[in-house]
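Given next are the chains, with one letter for each unit.
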Amino acid sequence: MSKLNHIVILTGAGISAESGIDTFRSEGGLWEQYPIEQVATPEGFAADPALVHNFYNMRRAALKTVKPNAAHIALAKLEKGLHARGGSLTIITQNVDNLHEQGGAENVIHMHGILTSLLCQFCGHRWESHEDTSPNDSCIACQRRSGPRPDIVWFGEMPYELDRIDQVMSQADLFVSIGTSGAVYPAAGLVSEARRRGTKTLELNLEESQGSYLFDESRLGKAGDIVPKWVAEVLAA
Ligand code: BV8
């Protein structure tokens, strides 16, 4: 493998699966337990805010009981190793957990938001919060009651930091997709953008994804096994 220095990695729920966080589309996954329309759309939130607050309260609470796994830790090691040789790593995650940060990664873009942040639907103020929320809460900035909502990008909403994502993609030597089914756009379209730019592409996933055919190379296996192996290869090159 030629020396790679600027790597962009897209991660999905599969990288957190071995930490005990449910993925979305596998057997018994989150979207089987909860209808997407009710818990992950603005319309669902407007129709039943208490249900949606509770859906995210349950997932935020679960965060306090899980730990980063070998894949998260390997990516943090990769970030430091690339930095040491004048390179860079950007992790673009679709995940709303904070396991990349808990594993030591610093340059992380949460394009679908994060469980530990709240957003006021009236004044747009954002703040860190780890506690349960309800429709009776008030915004800490504008004091408006029922202002706070999960700082999560729901279906039909604009993902965060698309300009910054475009910028890092334009500099990448290698684009790697880890633990995602390639079902959700614009995240699933990033591999096509990489190909258009002539960037090398690699997929590390438990099984074939919807976009596997678009990758130069696809390695199948559990992230906890294949990600540390791949990181060791890159750092040894
Ligand atoms: C947008 C937050 C405009 C919620 C999420 C009609 C109306 C409006 C929009 C659309 C529409 N039709 C299509 C769209 C676009 C829509 C979309 O893509 N829909 C799909 C379903 C067709 N997208 C949007 O609405 C986006 N916004 O389009 O705005 C726009 C247009 C152009 C440019 C910019 C903006 C907003 C999408 C964000 C929605 N919010 N999450 C929450 O988390 O509560 S999406 C949700 O799916 C999660 O974020 C999740 O990350 C994401 C993708 O799922 P995955 O992470 O891939 O998880 P999944 O379970 O699917 O797969 C897990 C994978 O891991 C599997 O492959 C499995 O094999 C693997 N795996 C399992 N275990 C392991 C493993 N791999 C390795 N090791 C293991 N151990």
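As the structure is a prediction and not an experimental result, all values here were calculated from the model. Numbers given to residues run from 1 along each chain, matching the order in which its sequence is written. For a predicted model such as this one, the threshold for reporting local features is a pLDDT of at least 70, and the threshold for listing and counting side-chain atom pairs is 80 or more; totals across whole chains, interfaces and linings nevertheless cover every residue. Just so you know, side-chain values use all the structure's heavy atoms and leave hydrogens and water out.

S.K.: Explain the sheet that holds strand β2 (residues 88–93) to me, and be specific about the residues and the numbers.
M.R.: One bridge is not enough; two strands pair if DSSP finds at least two bridges between them. Numbered from the N terminus, helices here are DSSP runs of H or I no shorter than four residues, and strands are runs of E no shorter than two. Sheet architecture is open: six strands sit in the order β3-β2-β1-β7-β8-β9, paired in parallel fashion. Strands with a single pairing partner mark the edges of an open sheet, and in this sheet they are β3 (108–110) and β9 (217–220). Here the average twist between neighbouring strands, direction ignored, is 15°. Relative to strand β7 (residues 174–178), strand β1 (residues 6–11) runs parallel, the two sharing five bridges. The residue bridging Val 8 from the neighbouring strand is Phe 175, located in β7. Across the face of the sheet, helix α5 (residues 70–84) comes into contact with β1, β2 and β7 while running at roughly 150° to β2. Orientation is described by lines fitted to C-alpha atoms, with helices fitted over the stretch in contact, and by angles between N-to-C directions that extend from 0 to 180 degrees. What makes two residues a contact is simply this: any of their non-hydrogen atoms within 4.5 Å.

S.K.: Could you give an account of unusual backbone geometry, naming the residues involved and the relevant values?
M.R.: In this model, Tyr 185 is joined to Pro 186 through a cis peptide bond whose omega is 0°. With respect to the helices and strands, Pro 186 occurs in the loop between β7 and α8 (190–196). Residue Glu 161 is not a glycine yet carries a positive backbone phi of 60°.

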